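# Descriptive structure summary
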Amino acid sequence: MSTGIGSFIAGGIAGCGAVTVTHSFETIKIRLQLQGELKAKQDAPRLYRGVFHGMKIVFQNEGMKGLLRGLSCAYIYQMTLNGCRLGFYEPLRVSMNSLVLTHSPTHTTDPRVKAMQSLPINIASGAASGILGAAAGSPFFLIKTRLQSYSPFLPVGTQHLYKSAWDGLGQVYRAEGIRGLFRGVGPAMVRTGFGSSVQLPTYFFAKRRLVRHFDLKEGPALHLLSSAASGMVVCVVMHPPDTIMSRMYNQTGNLYTSAFDCLYKTIKAEGPLALYKGFFAHLARILPHTILTLSLAEQTNKLMRRFEDRILPDRVKEKI
């Protein structure tokens, strides 16, 4: 097992590699979520009629630049989120195992502690590591959401004209201070907590079952199938808070006073299915994103372990 720092770096690199491929789907997902905001279905114009129609329309009117708006923010967010999520998951899991087995969180090198698999502990570790990452990366996700929702041709939701990610951060800070940069951090933490609580536990659960029942060996096929199962579950669980988060991040002023206010107003005006607006765009993003993130993380972790084996003294390796 690589060190926490190694896992953090591996997780961040894996997240950036994945988001490069899936970012355009995220752009369409956000626009579908904001389309018809707080309007009855019959009164809401459908500028984007689904994933592929959205991709086509944005590409025709805005080119690849439109589909990749906010990519620089996405990289920083992924380094922060997946670095924390993949970097802190295993240390938190092992520390909690140690607390349960030995009544102390410090016996993390005990083979029994490392080997123990507890679903509640795995879920709690995933949720905690994801929440830490979401809180740390929230300002970048806020600007990313606003950049992606902006369109000079087919606007949906509130429009924010930022020249760049850094211009957006500066504008928000000057107008609203630190509090403005962390607007919507609550639903972002809930959203990522939901997703993270099931992503890694589901991945490792699927991986163990595939090895046990289908005798799959460690390798790309095992990582691919385990990641696909994890991505499907993540999307179902995470999408409603994701919709609330997108609307909270994109608002100007106090259209929504809280996540619960946003939830109430959305369901009242648009019905409960509005929480799943953009679901298939999210699925088109999350499946390859999860597959790439977790598969790349496996490979990057191996490289980090080799690197650490070469440079770290034996006495240090014994402690980790």
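Residues numbered from 1 in each chain as written. Predicted model: local features only at pLDDT ≥ 70, side-chain atom pairs only at ≥ 80, totals over all residues. Heavy atoms only, no water.

## Points about the pattern of salt bridges
Our working rule: We count a salt bridge whenever a side-chain nitrogen from Lys or Arg sits within 4 Å of a carboxyl oxygen from Asp or Glu. Numbering of helices and strands runs from the N terminus; a helix is a DSSP stretch of H or I covering at least four residues, while a strand is a stretch of E covering at least two. Exposure is judged per residue with a 1.4 Å probe applied to protein chains only, and the accessible area is read against the type maximum: over 50% gives exposed, under 20% gives buried, and values in between give partly exposed.
Going through the model one piece at a time under the given rule, you end up with 15 salt bridges. A salt bridge links Arg 285 to Glu 26; the nearest nitrogen and oxygen atoms lie 2.8 Å apart. Taken together, the positions of Arg 285 in helix α10 (residues 279-311) and Glu 26 in helix α1 (residues 4-34) put the pair 259 residues apart, joining distant regions of the chain. Looking at Glu 26, the relative accessible area reads 5%, which means it is buried. Residue Glu 62 pairs with Arg 31 through a salt bridge whose shortest N-O separation is 2.9 Å. Of this pair, Glu 62 sits in helix α2 (residues 51-67) while Arg 31 sits in helix α1, and the two are 31 residues apart along the sequence. Residue Arg 31 is classed as buried on the basis of its relative accessible area of 0%. The structure contains a network of salt bridges with shared partners spanning Glu 26, Lys 29, Lys 144, Arg 191, Asp 242 and Arg 285.

## Quick look at empty space enclosed by the protein
The line we're drawing: Space inside and on the surface of the protein is sampled on a 1 Å grid over the protein atoms alone, with a cavity defined as a set of points where a 1.4 Å probe fits but cannot get out and a pocket as an open set with protein on both sides within 12 Å along at least 5 of 7 lines; lining residues have an atom within 4 Å of a point. Grid points are joined across faces, edges and corners, and a volume is the space filled by probe spheres set on the points. The residue classification treats Ala, Val, Leu, Ile, Met, Phe, Trp, Tyr, Cys and Pro as nonpolar and Asp, Glu, Lys and Arg as charged. All others, Gly included, are polar.
Counted according to the given criterion, the structure contains one cavity of 30 Å³ or more. There is about 180 Å³ of room inside the largest cavity. Lining the largest cavity are 19 residues, and of these Gln 78, Leu 81, Arg 191, Arg 285 and His 289 sit closest to its centre. The greatest single-element share of the lining of the largest cavity, amounting to five residues, is contributed by helix α3 (residues 71-102). In terms of residue class, the lining of the largest cavity is made up of eight nonpolar, six polar and five charged.

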